[in-house]
Amino acid sequence: MTDFTVCHEQNHKITELSNVFLYLIRERSMCDTECARNLFFEYVSRVREHMEIVDAQLCGRLIQSQDRTMTNTANRFLSGSQEIKRIFAAYVRDWGDERLRELRVGDHDAFVKDTNQVFGLVLERIQRETEHLYPLVRKLEQVRPMSAA
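Residues numbered from 1 in each chain as written. Predicted model: local features only at pLDDT ≥ 70, side-chain atom pairs only at ≥ 80, totals over all residues. Heavy atoms only, no water.

With 28 residues, the main nonpolar core has Phe21, Phe40, Tyr43, Phe88, Tyr91 and Phe111 as its most contacted residues. Counting residues per element, the ones that place at least two in this core are α1 (4–24), α2 (34–63), α3 (68–95) and α4 (108–148). Per-element accounting of this core gives the leading share, eight residues, to α2. Judged by nonpolar contacts, the second largest core, of 14 residues, contains Phe4, Cys7, Leu133 and Tyr134. (Core = buried A, V, L, I, M, F, W, Y, C linked by side-chain atoms within 4.5 Å. Buried < 20%, exposed > 50% of the residue type's maximum accessible area, 1.4 Å probe, protein only. Helix = DSSP H or I, 4+ residues; strand = E, 2+ residues; numbered from the N terminus.)

Below, the structure is given as structure tokens:
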């Protein structure tokens, strides 16, 4: 059985980090603070962890279903994940150095624009998970115990 509490807690924490970081970076001087760096890399870590869990556990379960709607939805989410991961990795590489845990903000306006776009993609993904993916996994979990009887 899938623990939706974990997914919802991850969603909440990612949303919270996103909101705080987006507020913080409005001011150029805040981008160079330890607090901003810590928030940024915590956000990066949590997004990656969440996407891996959703892809492996939730989409993985739906893919195994005999229901075409469930498998198609899982395949769409997995395909979207690949694209988001690619965009996210490029964003992190462009604006940060993970090895040194540093932000590299040369052009503040471009950084804020890119950050808003990438964080927006992640938040849209979370919303789609909540509205489309989680209900299908719940439905699958309700069907499985009955079919095993």
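As a further point, take the packing of α2 against α3. Where α2 contacts α3, the axes come no closer than 9 Å and their chain directions differ by 160 degrees. By the angle between their directions, the pair α2 and α3 is classed as roughly antiparallel. The interaxial crossing formed by α2 with α3 has left-handed handedness. When α2 is examined against α3, the residues Phe40, Tyr43, Val44, Val47, Arg48, Met51, Glu52, Asp55, Cys59, Leu62 and Ile63 are found in contact with a partner set consisting of Met70, Thr71, Ala74, Asn75, Phe77, Leu78, Ser81, Ile84, Lys85, Phe88, Tyr91 and Val92. Per-class residue counts for the contact of α2 with α3 are 16 nonpolar, three polar and four charged. (Axes fitted to C-alpha atoms, helices over the stretch in contact; angles between N-to-C directions. Parallel < 35°, antiparallel > 145°, perpendicular 65-115°, else oblique. Left-handed = near helix turned anticlockwise from the far one by under 90°. Contact = heavy atoms within 4.5 Å. Nonpolar A, V, L, I, M, F, W, Y, C, P; charged D, E, K, R; others polar.)

Everything listed here is a matter of geometry and, on its own, says nothing about what the molecule does.
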